[in-house]
Amino acid sequence: MGRLPGHRRTWLATGHGMMGVGMSAGTGQLVADLLAGRGPAVDPSAFDPGRLAG
């Protein structure tokens, strides 16, 4: 969940598998915080799509 590397205006909120509906509220809040520039309640670095870019 976060900005797609190399695409300034594209954000991703994927990878929930079977837990998508159950995790949707938390994901929505995290992405809203990131988009608004607010400090999120959890550290988003573990979910950042950029961690896989290399």
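Preceding block: the structure.
If you're wondering where the values come from, they're calculated on a predicted model, not measured in any experiment.

## Thoughts on the overall build of the chain
Scanning the chain for helices and strands turns up one helix and two strands. At 11 Å, the chain has a C-alpha radius of gyration in line with the 10 Å of a compact globule built from 54 residues. Across its three principal directions, the C-alpha atoms of the chain cover 30 × 25 × 20 Å. Sorting the 54 residues of the chain into buried and exposed places 17% on the buried side. Accessible surface, the chain as shown: approximately 4000 Å² in total, 59% of it carbon and sulfur.

## Description of the pattern of salt bridges
Any two side chains of opposite charge can pair if their charged atoms end up close together. A full pass over the atoms with the stated rule returns one salt bridge. R38 is the salt-bridge partner of D33, the closest N and O atoms lying 3.0 Å from each other. Residue class for D33 comes out buried when judged on its relative accessible area of 8%.

## Here's the deal with the environment of W11
Checked against the element boundaries, W11 lands in strand β2 (residues 11-12). The contacts of W11, once residues within four sequence positions are left out, are G2, R3, L4, L34 and L35.

## A look at the side chain of H16
Structurally, H16 is set in the loop between β2 and α1 (20-36). Within polar-contact distance, the side chain of H16 engages the side chain of T27 at 2.6 Å. H16 has contacts with M1, M23 and T27, leaving out every residue within four places of it along the chain.

## Digging into α1
Between its first and last C-alpha, α1 extends 23 Å over 17 residues, near the 24 Å set by a 1.5 Å rise per residue. Of all bends in α1, the biggest is about 35°, found at G26. T27, L30, V31 and D33 are the residues of α1 that are buried. Positioned one or two residues after α1, G37 has a phi angle of 80°, which is positive.

Calculation rules
- Residues numbered from 1 in each chain as written.
- Predicted model: local features only at pLDDT ≥ 70, side-chain atom pairs only at ≥ 80, totals over all residues.
- Heavy atoms only, no water.
- Helix = DSSP H or I, 4+ residues; strand = E, 2+ residues; numbered from the N terminus.
- Rg over C-alpha atoms; globule rule 2.2 N^0.38 Å.
- Buried < 20%, exposed > 50% of the residue type's maximum accessible area, 1.4 Å probe, protein only.
- Areas by Shrake-Rupley, 256 points an atom, 1.4 Å probe, with all protein chains shown as cover.
- Salt bridge = Lys/Arg side-chain N within 4 Å of Asp/Glu carboxyl O.
- Contact = heavy atoms within 4.5 Å.
- Polar contact = N/O pair within 3.5 Å; in protein donor to acceptor, adjacent residues only side chain to side chain.
- Expected span 1.5 Å × (residues − 1).
- Bend = angle between axes of the 7 residues up to and from the residue.

Any functional reading would require information that these geometric values do not contain.
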